[in-house]
Amino acid sequence: MTCFALRAGLALLLSVSLAACSLPRGAGLQREVLSASAKDEIPDFAVAPVTRSLLDDYAAWPATGETGRPWINRQPQPANRIIAAGDSVSVTVWNTEDNSLLTGPGQRSVTLPELRVASGGTVFLPYIGTIRIAGMSPEHAREVIETRYAEVAPSAQVQLGLAEGRASTVSLVGGVAAPGSYPLPDNDFTVLGLIAEGGGVPASLENPQILLHRDGRIYGTSVERLFENPALDTTLRGGDRVIVEPDARIFLSLGAAGSEALHRFPKQDLSALEALSIIGGVSDTRADPQGILVLRDYPAAALQGDGPKPPQQRVVFTLDLTSADGLFSAGRFRIQPGDLVYATESPVTTAQTIFGLIGSGYGLARQANTL
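Right, let's walk through the structure included here.

Definitions and cut-offs
- Residues numbered from 1 in each chain as written.
- Predicted model: local features only at pLDDT ≥ 70, side-chain atom pairs only at ≥ 80, totals over all residues.
- Heavy atoms only, no water.
- Phe/Tyr/Trp six-rings, centres within 6.5 Å; stacked < 30°, edge-to-face > 60°.
- Helix = DSSP H or I, 4+ residues; strand = E, 2+ residues; numbered from the N terminus.
- Buried < 20%, exposed > 50% of the residue type's maximum accessible area, 1.4 Å probe, protein only.
- Pairing = 2+ DSSP bridges.
- Axes fitted to C-alpha atoms, helices over the stretch in contact; angles between N-to-C directions.

**A few points about the packing of aromatic side chains**
Moving on, step 1. Evaluation of the coordinates by the stated rule reveals 7 aromatic pairs.
Moving on, step 2. With centroids separated by 5.1 Å and ring planes inclined at 75°, the aromatic side chains of Y58 and F317 adopt a geometry described as edge-to-face. Residue Y58 is found in helix α3 (residues 55-60), and its partner F317 is found in strand β17 (residues 314-319); the two are separated by 259 residues along the sequence. Of the two residues examined, Y58 and F317, each falls in the buried class.
Moving on, step 3. The interplanar angle of 50° and the centroid separation of 4.9 Å between the aromatic rings of F317 and F333 together place this pair among those described as tilted. You can see F317 sitting in strand β17 and its partner F333 sitting in the loop between α8 (324-332) and β18 (334-335), a full 16 residues away along the chain.
Moving on, step 4. Residue F333 is classed as buried on the basis of its relative accessible area of 3%.
Moving on, step 5. Each residue in the set Y58, W61, Y298, F317 and F333 is aromatic and connected to the rest through ring pairs, giving one cluster.

Right under this line is the structure:
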């Protein structure tokens, strides 16, 4: 054997040996990720291809990572102010009679000290006694009081002012330009009206969520849903607390993706294609477009009951971005909080690396022959 042949053989052997080793990669191949452990007869996860025929089945499975908070639909009320217990009223009685129980000589009016509406909804007024005014509009309450005073002073006329108490105010906490306590201007004041009073939601707040605290319960929805469906713009009650905060839901991207990071949900419903756009797509030189995976871990409770449910607690959804059906289906497949979007490595990348090593081996052999 010539010296050149020996050196070429050694270089080729070195290249093949390197190719046989585990090459450094940033992601696994699809077959590697989906292969079960050699000791497991049955994989501990299910593989679910994302296709048009299966989308409705997947959508019927229980959601993961959602808070599941209910929300209250709008209940339209008359757009007027209603007196409630805890409010304060100011009463001024005008009288033109010279001799009157209500006014002294030369007086034409008398203003009574500010009165707080009792828990039973009543106030006490001199000469006419206790009157229930809770649940009335200020104008109706004024008419009732004036009618009663007319019994002791026929020419009496009444002015009534109303100052809402804490029971007729709502609190706006965070997420707006001017948080604080706001009086209910009328009986038909809504969540979006309150947010507008607080200066609106800053544009920097990503997919803002609304929490409504009422009677010891917490209700939740998104600002986006309220904009899209006016029937969800809840009518507020005194004592309500409204909190506006950014969406806390996240998903993760790894592998041969455009970015490997945690990502917040920028909107209420997010499709797989939108998620891929958020992460910057996949690497043109590394990723396998037929091997985009979405890994999801369902809670144990999702496998119970008689309704539609996943076959196993851990499910790997597979997306093929090289077919029209795969692309359309990815546009309808909903990403859920806690999902992992994983771009697998292309087998072609590994093959190119091996051929590159072999080519380098031949190059080494040629260099060795010139020595």
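**Observations regarding the sheet that holds strand β19 (residues 340-345)**
Moving on, step 1. Spatially, 6 strands are ordered β1-β17-β16-β19-β13-β14 in an open sheet, and the strand pairing comes out mixed. On the outer flanks of this sheet lie β1 (46-49) and β14 (261-264), each paired with one strand and no other. Across the sheet, the axes of successive neighbouring strands diverge by a mean angle of 25°, strand direction being ignored.
Moving on, step 2. Pairing between strand β13 (residues 250-255) and β14: 4 bridges, direction antiparallel. By the bridge assignment for β14, I250 is matched with R264.

**Here we look at the pairing of strand β2 (residues 88-94)**
Moving on, step 1. Most of β2 is tucked away, with 5 of its 7 residues classed as buried.
Moving on, step 2. Of the strand pairs in this sheet, β2 and strand β4 (residues 115-116) are connected by 2 bridges, and their pairing is antiparallel. Across the sheet, residue V89 finds its bridge partner in β4, namely L115.
Moving on, step 3. In the sheet, β2 pairs with strand β3 (residues 109-111) via 3 bridges, with the strands oriented antiparallel. Following the sheet pairing, T92 is matched in β3 by T111.

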